[in-house]
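# Notes for the structure review
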Amino acid sequence: MAAIYSLFIINKSGGLIYYKDYGSAGRMDTNDSLRLASLWHSMHAISQQLSPTTGCNGIDLLRADTFDLHCFQSLTGTKFFVICEPSAPYMELLLKVIYELYTDYVLKNPFYEMEMPIRCELFDLNLSQVVQKDRVALLAR
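A brief look at the structure comes next.

What counts and what doesn't
- Residues numbered from 1 in each chain as written.
- Predicted model: local features only at pLDDT ≥ 70, side-chain atom pairs only at ≥ 80, totals over all residues.
- Heavy atoms only, no water.
- Helix = DSSP H or I, 4+ residues; strand = E, 2+ residues; numbered from the N terminus.
- Contact = heavy atoms within 4.5 Å.
- Core = buried A, V, L, I, M, F, W, Y, C linked by side-chain atoms within 4.5 Å.
- Buried < 20%, exposed > 50% of the residue type's maximum accessible area, 1.4 Å probe, protein only.

## Some words on the environment of Leu127
- Inspection of the secondary structure puts Leu127 in helix α3 (residues 121–140).
- For the pair Leu127 and Gln73, spaced 54 residues apart in sequence, the C-alpha to C-alpha distance is 18 Å.
- Setting aside residues no more than four positions away along its own chain, Leu127 makes contact with Leu7, Tyr18, Tyr22, Ile98 and Leu101.

What follows is the structure, encoded as structure tokens:
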């Protein structure tokens, strides 16, 4: 079974700009993925405001019985989050690698408009390779 169920990228205003399903059992339709992205953006923003500590960056990890949700927020406010198996290792590192792919293949693409949905073949291809390598590394352990 794959460690990663799905990947979401949310722009700074809370709009879903990228969604990829990696074979999770409960496949979501478009409306459900939009709702989940919006809900996560709101929870993340509320947690920053309600935190008793100063300088809180929001929720980085949400653990449930059947999945974990790991989040990485870039300095520009773009959020990357993966839904994965409980206690899947190295998800923070994987999110940073995905962010590097985003900067290399999406932001440097002269045809990409900021805050718009991501339609970049090179990003998709390299993302698939990174996720596949992550799966192979998990199976090798």
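## Some remarks on the nonpolar core
- Counting residues in each nonpolar core, the largest one holds 25 residues, and the members touching the most others are Met91, Tyr102, Ile118, Phe123 and Leu127.
- Secondary-structure elements contributing two or more residues to this core are β1 (4–10), β2 (16–21), β5 (79–84), α2 (91–107) and α3.
- Top contributing element to this core by residue count: α2, with 7 residues.
- Counting 10 residues, the second largest nonpolar core, distinct from the first, contains Ile10, Leu16, Trp40 and Cys71.

## Regarding unusual backbone geometry
- Positive phi values are uncommon outside glycine, yet Ser87 reaches one of about 60 degrees.
- Residue position: Ser87 is located in the loop between β5 and α2.
- If you check the backbone angles, Glu115 has positive phi at about 70 degrees while not being a glycine.
- Residue class for Glu115 comes out partly exposed when judged on its relative accessible area of 26%.

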